[in-house]
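# Per-entry structural report
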Amino acid sequence: MPKAYVFTRNGGPEVEGLTERERPKPGPGELLVAVRAAGVNPVDWKLRTGYTRPGSEPQPFPAVFGSEAAGTVVETGPGVEGFAPGDEVFGNPLTGGYAEYTLMPVAVTAHKPAALSFTDAAVLPVAAATAYDGLRQLGLGRGATLLVTGAGGGVGSAAVQLARHAGLRVLGVASEAKKDFVESLGAEHIPSGAGLADRVRAAAPEGVDAVFDLVGGDTLREAAGLTDSAALISAGGKPLVTELGGAPVRRARTAAVLDEVARLTVEGVLRTHVTRTVPLDRAAEALRAVEDGHALGKTVIEVTA
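Below, the structure is looked at part by part. (Residues numbered from 1 in each chain as written. Predicted model: local features only at pLDDT ≥ 70, side-chain atom pairs only at ≥ 80, totals over all residues. Heavy atoms only, no water.)

## Points about the overall build of the chain
Helix and strand counts for the chain come out as 10 helices and 16 strands. Taken over C-alpha atoms, the radius of gyration comes to 19 Å for the chain, in line with the 19 Å a tight globule of 305 residues would show. Across its three principal directions, the C-alpha atoms of the chain cover 60 × 40 × 35 Å. Classification of the 305 residues of the chain by burial places 51% in the buried group. By element, 51% of the accessible surface of the chain is carried by carbon and sulfur atoms, the whole surface being about 12,600 Å². If you average the places of the 29 positive and of the 35 negative side-chain charges in the chain, the two averages end up 1 Å apart. (Helix = DSSP H or I, 4+ residues; strand = E, 2+ residues; numbered from the N terminus. Rg over C-alpha atoms; globule rule 2.2 N^0.38 Å. Buried < 20%, exposed > 50% of the residue type's maximum accessible area, 1.4 Å probe, protein only. Areas by Shrake-Rupley, 256 points an atom, 1.4 Å probe, with all protein chains shown as cover. Lys, Arg positive; Asp, Glu negative; His and termini not counted. Charge placed at Lys NZ, Arg CZ, Asp CG, Glu CD.)

Structure, rendered in structure tokens:
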């Protein structure tokens, strides 16, 4: 039977495991996809701990990890148009991406360009699309100064690249270990940690026009005082950013956005920076690399065809 990496209840790593499950059957508007690669994101382990996405119901157990994936269509559900078995696709799975097979809704699934590998396509639906949506939400003009916290992670590195492409000056907050990486993306590195606000003011005495937070917590609290609350958004501390007068990143979650970030990747505007790949049977290793908070770029689980 097909394999999947799941969590059996809310808790820590002890509730995770590789298991076998029946191949899911696509319903109306759904695709059955043979997964070739799945991106690993902080939200994956947060869901395991009991976090529920706003507007979503808690997942039934066992729940398969993974919020983004790429693979090949095996079967289409009733009413599906524009997709056929054999098509290479990427998007946001309904039934988890850390699996040999998953279901994808056509509304948030796009055709994978031939020039894009499964591994690179698998990291676009969450990280790159979140960065794209956040920058559209801010609507900054060329020459504006943007502060990005968590600039060395998956969403942060995408946000820096897209912001620089849009003509923004970017201050990227990250640890000293990620300094060279952040600067290679075109950002001015600002060391993370206590005293962040003072370091930002020293680097940009004229102030910053907006803050794109991907960390939350104390980092978000410090960064919030550096710009007007209307120009403060976060994907890392959604309840806190609302409390501080800012707003969570508004996700479009459309195939059109996936098409656009794929185009930008193929054209070389956006590099995925996949720095670690592991097979499905080592999914725990991939999750720990992201859960410890020090992962550089993106981590991907690759599934054998």
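## Let's talk about the layout of surface pockets
Quantified by volume, the second largest pocket comes out at close to 230 Å³. Together, 13 residues line the second largest pocket, and Tyr 132, Leu 135, Arg 136, Leu 162 and Ala 166 are the ones closest to its centre. A per-class count over the lining of the second largest pocket returns eight nonpolar, two polar and three charged. (1 Å grid on protein atoms, 1.4 Å probe; cavity = no way out; pocket = protein on both sides within 12 Å on 5 of 7 lines; lining within 4 Å. Points joined across faces, edges and corners; volume = space filled by probe spheres on them. Nonpolar A, V, L, I, M, F, W, Y, C, P; charged D, E, K, R; others polar.)

## What to know about empty space enclosed by the protein
A water-sized probe, rolled over the atoms, reveals where empty space remains. This structure, assessed with the given rule, holds one cavity of 30 Å³ or more. A volume near 60 Å³ is recorded for the largest cavity. Together, Val 123, Leu 124, Ala 127, Ala 128, Gly 154, Ser 157, Ala 158, Gln 161, Leu 270, Arg 271, Thr 272 and Lys 298 line the largest cavity. Among the elements of the structure, α3 (124–138) and α4 (154–165) are those that each provide at least two residues to the lining of the largest cavity. A per-element tally of the lining of the largest cavity places α4 first, with four residues. Of the residues in the lining of the largest cavity, the class split is six nonpolar, four polar and two charged.

## Quick notes on unusual backbone geometry
Omega for the peptide link from Phe 61 to Pro 62 comes to -5°, which places this bond in the cis form. You can see Pro 62 is positioned in the loop between α1 (42–49) and β4 (63–64). The backbone phi angle of Arg 253 is positive, close to 50°, even though this residue is not glycine. By the element assignment, Arg 253 lies in the loop between β14 (247–248) and α9 (255–266).

## Observations regarding the environment of Thr 76
Its place among the elements puts Thr 76 in strand β5 (residues 69–76). When its relative accessible area of 26% is taken as the criterion, Thr 76 is described as partly exposed. Setting aside anything within four residues of it in sequence, one finds Thr 76 in contact with Pro 26, Glu 30, Leu 31, Phe 83, Ala 84 and Pro 85. (Contact = heavy atoms within 4.5 Å.)

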